[in-house]
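Structural description and commentary
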Amino acid sequence: MNAIVTGASSGIGHAISEYLLSEGYEVFGIGRSMDERVGTLLASENFHAISLDLTDLCRAQEIIDQIQKENAIHLLVNNAGVGYYGMHEELSAKKLDEMVTINLTVPMLLSSLLMRNLKKNQGTIINISSYTAHETNPHGCAYGATKAGLSSFGKSLFFENRKYGVKVVNLEPEMTRTDLYRNADFTASEEVNASLFTQDIVEAVAYVLAQKEHVAVHTVSLTPQYHRIQKK
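Just so we're clear, the structure is a prediction, and the values are computed from it rather than from any experiment. (Residues numbered from 1 in each chain as written. Predicted model: local features only at pLDDT ≥ 70, side-chain atom pairs only at ≥ 80, totals over all residues. Heavy atoms only, no water.)

What to know about the layout of surface pockets
- Roughly 1200 Å³ of volume is contained in the largest pocket.
- As for the largest pocket, its lining consists of 50 residues, and the residues nearest its centre are Val 82, Tyr 85, Tyr 143, Leu 180 and Tyr 181.
- At the level of secondary structure, the elements contributing two or more residues to the lining of the largest pocket comprise helix H1 (11-22), strand E2 (26-31), helix H3 (93-121), helix H4 (141-161) and strand E9 (229-231).
- Its residues placed into classes, the lining of the largest pocket shows 20 nonpolar, 20 polar and 10 charged.
- Its volume calculated, the second largest pocket comes out at about 400 Å³.
- Surrounding the second largest pocket, 21 residues form its lining, Gln 122, Thr 124, Gly 165, Lys 167 and Glu 213 being those nearest its centre.
- Breaking the lining of the second largest pocket down by element, the ones donating at least two residues are strand E6 (167-173) and helix H5 (198-209). (1 Å grid on protein atoms, 1.4 Å probe; cavity = no way out; pocket = protein on both sides within 12 Å on 5 of 7 lines; lining within 4 Å. Points joined across faces, edges and corners; volume = space filled by probe spheres on them. Helix = DSSP H or I, 4+ residues; strand = E, 2+ residues; numbered from the N terminus. Nonpolar A, V, L, I, M, F, W, Y, C, P; charged D, E, K, R; others polar.)

Rendered as structure tokens:
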């Protein structure tokens with residue numbers, strides 16, 4: 001079984017890659033900087049580290065075409081994401097473009113490029129979206145909009161391709177302890193039961209992949225028991 005995971009160098013993508021390797025997958029992990037942060041992943045002969053700036057869409061297409069030319073693809077995990085927060089008028093064109101490209105355009109592009117391969121293998125696409133896809137998002141209007149777009153895209157893509165045996169799943173976590181909030185003046189709370197961990201997302205991935213062939217889970221929302229944020 002072969003999987004492509006974007007944003008594999010750290011956080012949720014790193015944890016998902018570790019899990020897939022433990023389950024016998026051959027993982028093609030894509031990250032902007034596949035350096036020492038990749039850590040234990042590089043110790044596995046079944047992990048292929050691919051350094052790629054996903055905002056370079058032409059290069060991304062070349063890489064994906066090269067991978068699937070020689071490999072059947074059974075799983076695509078659209079995990080790479082970026083968030084910029086604050087009053088909307090403070091966001092530059094560059095930041096807006098980066099969020100739209102990474103959070104929405106790239107998953108659309110990779111899904112398109114790989115769909116024939118996934119149909120052939122009755123594969124799965126997992127989009128790491130966000131609970132904010134269904135909420136109002138003051139100080140995160142644009143980020144929330146990209147995730148709403150991703151969830152809408154994923155749901156429609158499932159219904160478009162379900163008859164071919166392809167599964168498309170939106171995982172929508174709320175506040176999770178990752179570096180997503182590196183560009184914000186807040187982060188996930190360290191209070192007990194007030195944030196999710198990467199392992200929680202991994203367990204959701206495991207749940208999705210463990211479903212029987214006749215069962216399709218297309219949305220999984222995860223929230224901590226308490227809603228808290230923490231100022232930096």
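Section: the sheet that holds strand E1 (residues 2-6)
- What the 7 strands build is an open sheet, ordered E3-E2-E1-E4-E5-E6-E8; its pairing is parallel. Of all the strands in the sheet, the pair left with one neighbour each is strand E3 (47-51) and strand E8 (219-222). Taking the axes of each pair of neighbouring strands and ignoring which way they run, one obtains an average angle of 15 degrees across the sheet.
- Of the strand pairs in this sheet, E2 and E3 are connected by 5 bridges, and their pairing is parallel. If you follow Gly 31 over to E3, its bridge partner there is Ser 51.
- Each of strand E5 (124-128) and E6 is contacted by H4, which is oriented at about 155 degrees to E6, the strand it contacts most. (Pairing = 2+ DSSP bridges. Axes fitted to C-alpha atoms, helices over the stretch in contact; angles between N-to-C directions. Contact = heavy atoms within 4.5 Å.)

Description of unusual backbone geometry
- Unlike most non-glycine residues, Gln 122 shows phi in positive territory, near 45 degrees.
- Inspection of the secondary structure puts Gln 122 in the loop between H3 and E5.
- Notably, His 139 is not glycine yet its phi reads approximately 70 degrees, a positive angle.
- Position of His 139 relative to the elements: it lies in the loop between E5 and H4.

A word on the packing of H1 against H5
- Here H1 crosses H5 at 45 degrees, and the two axes come no closer than 9 Å. The orientation of H1 with respect to H5, classified from their angle, is oblique. As for how H1 packs across H5, the hand of that crossing is right-handed. Here Gly 11, Ile 12, Ala 15, Ile 16, Tyr 19 and Leu 20 of H1 lie close against H5, whose contacting residues are Thr 198, Ile 201, Val 202, Val 205, Ala 206 and Leu 209.
- For the contact of H1 with H5, the per-class residue count stands at 10 nonpolar, 2 polar and no charged. (Parallel < 35°, antiparallel > 145°, perpendicular 65-115°, else oblique. Left-handed = near helix turned anticlockwise from the far one by under 90°.)

Don't take any of this as a statement about function, it's just geometry.
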